[in-house]
Amino acid sequence: PTDLTHDLSDDHPIGFRYDRALAFRDRQLKNQELLTGTLPLGKHGELHCTTCHDPHNNRLGDFLREPRYRSTICLSCHDLKGWDISSHARSNAHISGRAVDPRERLGYPTVAENACENCHKIHSAEQPERLLRYRIDHLNCLNCHNGSVARTNVLSEIRKRSNHPVEKYVGVHDPAEDPRFARRHVQCVDCHNPHAAL
């Protein structure tokens, strides 16, 4: 049912060389030598569609080579410090009642089981740069932190008179920004690391 179209900018990048130099520059990637044999790279170490998808085997669904369960396939390459003990990786909260689009289907009933896919989409992401599920950054957090899924109701806090006005700043935050020179803004990820939150 997925139509990737001719524009792959809202999909996981492909065609780049996945090597030691890339893993050194991006500390959230595992060294190429640590990848499992089930995720083959191209002849020159480049990542292709066939790294994650095996067009001849649909045993796991979507022709995936590794399971989506608890984002096994994502975590085969991505090395997120603190993820294993984070509240998002361990939460048994049921995802029903999400605020932004409660009808949107996810593969599993709990936050932990969906893992990365709670906030990210591999294909057809609304915010292509980080493959976020929603284009407006804070909606990725408020989708669950609105009092329905997560115990922490952040929405009630940001609606108070004294608050951090996250809704005024969209798409400004950059993980590599220097706070001394960044444009004025406040977004959830300026203070909170969703990959390591306890």
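Please read these numbers as outputs of a predicted model, since none were measured by experiment.

Undergrad: Sorry, what's going on with the overall build of the protein chain here?
TA: Looking only at helices and strands, the protein chain has 8 helices and 0 strands in total. N-terminal to C-terminal, the α/β element order of the protein chain is α-α-α-α-α-α-α-α. For the protein chain, the C-alpha radius of gyration of 18 Å lies close to 16 Å, the compact-globule estimate for 198 residues. Referenced to the eigenvectors of the C-alpha coordinate spread, the extents of the protein chain come out at roughly 55 × 40 × 35 Å. Long-range pairs, those at least 24 residues apart, make up 47% of the contacts in the protein chain between residues at least 6 apart in sequence. If you sum the accessible surface of the protein chain, you get close to 12,900 Å²; carbon and sulfur atoms cover 54% of it.

Undergrad: Looking at this model, I keep getting lost on the packing of aromatic side chains. Mind explaining?
TA: Any aromatic ring pair is given by two values, namely how distant the centres are and how the planes are angled relative to each other. Taken as a whole, this structure holds 1 aromatic pair when the rule is applied. With a centroid separation of 5.2 Å and 75 degrees between ring planes, the pair formed by Y69 and Y108 is classed as edge-to-face. Of this pair, Y69 sits in the loop between α2 (49-52) and α3 (72-75) while Y108 sits in the loop between α4 (87-90) and α5 (111-114), placing them 39 residues apart in sequence. Assessed through its relative accessible area of 27%, Y108 is described here as partly exposed.

Undergrad: I tried to follow the pattern of salt bridges on my own but got confused; where do I start?
TA: Pairing between side chains of opposite charge can happen when the charged atoms of each approach one another. Per the stated rule, a full pass over the model turns up 12 salt bridges. R98 serves as the salt-bridge partner of E104, at 3.7 Å between the closest nitrogen and oxygen. Accessibility assignment for this pair places E104 and R98 in one class, buried. The residue R133 makes a salt bridge to E104 at a minimum N-O spacing of 2.6 Å. Residue R133 is located in the loop between α5 and α6 (137-142), and its partner E104 is located in the loop between α4 and α5; the two are separated by 29 residues in the primary sequence. In this structure E104 comes out as buried when scored by relative accessible area, which is 17%.

Undergrad: Is there a simple way to explain the environment of R20 in this structure?
TA: Take R20: it is sitting in helix α1 (residues 20-25). Taking the relative accessible area as the measure of exposure, R20 reaches 55% and is therefore exposed. C-alpha separation for the pair R20 and E33, spaced 13 residues apart in sequence, amounts to 8.2 Å. Not counting the four nearest positions on each side in its chain, R20 is found in contact with N31, Q32 and E33.

Undergrad: Please explain the side chain of N146 as it appears in this structure.
TA: Summarising the element assignment, N146 is placed in the loop between α6 and α7 (154-158). Within the structure, the side chain of N146 is placed 2.6 Å from the side chain of S148, a separation counted as a polar contact. If sequence neighbours within four positions are ignored, N146 has contacts with G97, A99, N153 and L155.

Undergrad: How should unusual backbone geometry be read in this particular structure?
TA: Most peptide bonds are trans, and most residues other than glycine sit at a negative phi. A positive phi angle, near 55 degrees, is found at S71, a position not held by glycine. Take S71: its relative accessible area is 1%, and that puts it in the buried class.

Rules used throughout
Residues numbered from 1 in each chain as written. Predicted model: local features only at pLDDT ≥ 70, side-chain atom pairs only at ≥ 80, totals over all residues. Heavy atoms only, no water. Helix = DSSP H or I, 4+ residues; strand = E, 2+ residues; numbered from the N terminus. Rg over C-alpha atoms; globule rule 2.2 N^0.38 Å. Contact = heavy atoms within 4.5 Å. Areas by Shrake-Rupley, 256 points an atom, 1.4 Å probe, with all protein chains shown as cover. Phe/Tyr/Trp six-rings, centres within 6.5 Å; stacked < 30°, edge-to-face > 60°. Buried < 20%, exposed > 50% of the residue type's maximum accessible area, 1.4 Å probe, protein only. Salt bridge = Lys/Arg side-chain N within 4 Å of Asp/Glu carboxyl O. Polar contact = N/O pair within 3.5 Å; in protein donor to acceptor, adjacent residues only side chain to side chain.

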